[in-house]
Amino acid sequence: MDQHGRHSEEPQDGQDQVVEPGGIVVGVDGSEHGQCALVWAAREAERRQLPLHIVTAYSVPIFAASGLDGGYATVDDSVIREGADAIVRQALEKVSGYAIDVDASVENGDAAGVLLDLSEEAALLVFGSRGRGGFVGRLLGSVSSALPAHAKCPTVTVPLYCADRLGENTEDKHIKAEHAKRGPRTVENVVAVGVDGSEQARVAVLEAAEQAQRMGAKLRVICAVPQYSGSLAWVPAPLDRDALFADIRVQLDAGVAWLRSHFPSLPIETDLRDGSPVDVLVDASRSVELVVLGTRGRGGFAGMLLGSTSDGVLHHAKGPVLVVPDREDPRLADRQKFGPMLGAA
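This paragraph deals with the overall build of the protein. Along the backbone of the protein there are nine helices and 13 strands. When burial is assessed residue by residue, the protein has 51% of its 345 residues classed as buried. Here the contacts in the protein between residues at least 6 apart in sequence split such that 78% fall between residues at least 24 apart.

This is the structure in structure tokens:
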């Protein structure tokens, strides 16, 4: 333990470290994506004064043998294990300057399964949007889609696009080209949360408000109203749509009054948008510190979270995205006292 109260432990063969309940878990694989996730997680651990647990995982490939003898051949896992050990050692060194308790472990198993198990005790699960085929492997594919949907704690996906705001470099030519095209950007000290009137969205709003307080940030409550399509395309416009927006505004204002009763010192604003939920949130992610979503919605703003909307946001976001799982919260009980509820029948 040093003078800052920080404690670093490297993994040992045959002895896995166990994350402290309530700590922050970050998955690393040595990729640039993993490095961005690591930096974000370390900053968050310092902000929350929670321990950080760094984890990497691997599985040993099994190959079907070709020839008359048949059978299977496995790869000696010692080389793979040495590579995984090197990854966590580098990660520990990278976060050595933070005033946090930190440890690390190398796990043998499926990446998603390892992180989902750790989410049972963690306060937050953090990972990059893609990997190199080792730990994070299929991100953003089945792993990163599975984690926000099934994790027992909130998850944060950190895209490589926001490497610059984290003080990291990237050699990704597509990201470098987009940064060059758009020029310098300003990131507001804002936490943005998407709402649609569902109970899950209200849980996400509470988590977003708590996060905004931790960051000393403003909370921006966003509601996006997509254009009518299909069977609703005949609805007269713009009169009905204007009335719809007026109703939503009243409900959003009531929701803000409820939030302020629980977070009296938190700056809160609303943003009612006309447009695609995915497009609105992805656009917001370019210029805010964090975008927050619930795990599923009702078909208005959040659509089929975690379905097409959240998958679209997670795949295309330009900043960190926090996904909040369903849970009970006693603060939801007094929402109706403050006026009409968004999406209520």
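Right, let's talk about unusual backbone geometry for a bit. Unusually for a residue other than glycine, Q49 sits at a positive phi of about 60°. Counting through the fold element by element, Q49 comes out in the loop between α1 (32-48) and β3 (52-58). According to the relative accessible area criterion, Q49 is exposed, its value standing at 73%.

Tallying each qualifying case throughout the model produces 17 salt bridges. Across the pair K218 and E269 runs a salt bridge, and its minimum N-O distance is 3.3 Å. Of this pair, K218 sits in strand β10 (residues 218-225) while E269 sits in strand β11 (residues 268-274), and the two are 51 residues apart along the sequence. With relative accessibility at 32%, the residue K218 sits in the partly exposed group. Relative accessible area serves as the criterion here: at 25%, E269 is assigned to the partly exposed category. Beyond isolated ion pairs, a larger network of salt bridges with shared partners links E188, K218, R220 and E269.

This part takes up the nonpolar core. Formed by 68 residues in total, the largest nonpolar core has its most connected members in L52, I54, V126, L219 and L259. Counting residues per element, this core draws most heavily on helix α6 (residues 199-215), which supplies nine residues. Core analysis: the second largest hydrophobic core is formed by 15 residues, A224, L281, L293 and L314 among them.

Below, the discussion takes up the packing of α1 against α6. In contact at an axis separation of 10 Å, α1 and α6 are set at 85° when each is read in the N-to-C sense. Comparing their axes, α6 and α1 come out roughly perpendicular. Between α1 and α6, the residues in contact are E44, R47 and R48 and E207, Q211, R214 and M215, respectively. Partitioning the contact of α1 with α6 into residue classes produces one nonpolar, one polar and five charged.

Tracing the backbone through its elements, the reader meets E44 in helix α1. Taking the C-alpha atoms as reference points, E44 and I24, separated by 20 residues in sequence, lie 8.2 Å from one another. Not counting residues within four places of it along the chain, the set of residues in contact with E44 comprises I24, L124, Q211 and R214.

When you line up the elements, P340 lands in the segment after β13 (321-324). Look past the residues within four positions of P340 in its chain and what remains in contact with it is V250, Q251, A254 and R335.

The next thing to look at is the side chain of E44. On the basis of relative accessible area, E44 is assigned to the buried category, the value being 0%. Of the polar contacts made by the side chain of E44, one reaches the side chain of R48; its length is 2.6 Å.

The full count for this structure, using the stated rule, is zero disulfides. With no disulfide of its own, C36 lies closest to C162 among cysteine sulfurs, the gap being 5.7 Å. Accessibility expressed as a relative area gives 0% for C36, which makes it buried.

Moving on, we come to the pairing of strand β12 (residues 288-294). Looking along a regular strand, one sees side chains alternate from face to face of the sheet. Burial runs high along β12: six of the seven residues are buried. The sheet contact formed by strand β9 (residues 188-194) and β12 spans four bridges and is parallel. Of the residues in β12, the one forming a bridge with V191 is L290. Sheet analysis places β12 next to β13, joined by four bridges and oriented parallel. When the sheet's bridge partners are listed, V291 is paired in β13 with V321.

Glancing now at the pairing of strand β2 (residues 24-27). Residues of β2 alternate between two faces, with I24 and V26 on one and V25 and G27 on the opposite face, all of them buried. In this region the chain leaves β2, passes through α1 and returns to the parallel neighbour β3; the handedness of that crossover is right-handed. The pairing of β2 with strand β7 (residues 124-128) spans three bridges and is classified as parallel. Bridge pairing in β7 links V26 to V126.

Okay, the packing of aromatic side chains next. With the rule as written, the count across this model stands at zero aromatic pairs. Positioned above the aromatic ring of Y161 is the side chain of K318, whose terminal nitrogen or guanidinium carbon lies 4.9 Å from the ring centre.

Let us now look at the confidence of the model for the protein. Note that predicted coordinates carrying low pLDDT should not be read in detail. Taken over all residues, the pLDDT of the protein has a mean of 81, while the share at 70 or more is 76%. The low-confidence segment residues 1-5 (pLDDT under 50) makes six contacts with residues lying over four places distant or belonging to another chain. Of the regions scoring below 50 in pLDDT, residues 299-306 engages in 32 contacts with residues more than four places distant in sequence or in other chains.

When the terminal C-alpha atoms of α1 are compared, their 24 Å separation across 17 residues agrees well with the 24 Å that a helix rising 1.5 Å per residue should span. With twelve of 17 residues buried, α1 is to be regarded as a mostly interior element. A positive backbone phi angle near 60° is found at Q49, which sits one or two residues after α1.

Reading the values: rules and limits
Residues numbered from 1 in each chain as written. Predicted model: local features only at pLDDT ≥ 70, side-chain atom pairs only at ≥ 80, totals over all residues. Heavy atoms only, no water. Helix = DSSP H or I, 4+ residues; strand = E, 2+ residues; numbered from the N terminus. Buried < 20%, exposed > 50% of the residue type's maximum accessible area, 1.4 Å probe, protein only. Contact = heavy atoms within 4.5 Å. Salt bridge = Lys/Arg side-chain N within 4 Å of Asp/Glu carboxyl O. Core = buried A, V, L, I, M, F, W, Y, C linked by side-chain atoms within 4.5 Å. Axes fitted to C-alpha atoms, helices over the stretch in contact; angles between N-to-C directions. Parallel < 35°, antiparallel > 145°, perpendicular 65-115°, else oblique. Nonpolar A, V, L, I, M, F, W, Y, C, P; charged D, E, K, R; others polar. Polar contact = N/O pair within 3.5 Å; in protein donor to acceptor, adjacent residues only side chain to side chain. Disulfide = S-S within 2.5 Å. Pairing = 2+ DSSP bridges. Right-handed = clockwise from strand over helix to strand, strands pointing away. Phe/Tyr/Trp six-rings, centres within 6.5 Å; stacked < 30°, edge-to-face > 60°. Lys NZ or Arg CZ within 6 Å of the ring centre and 35° of its normal. pLDDT = per-residue confidence, 0-100. Expected span 1.5 Å × (residues − 1).

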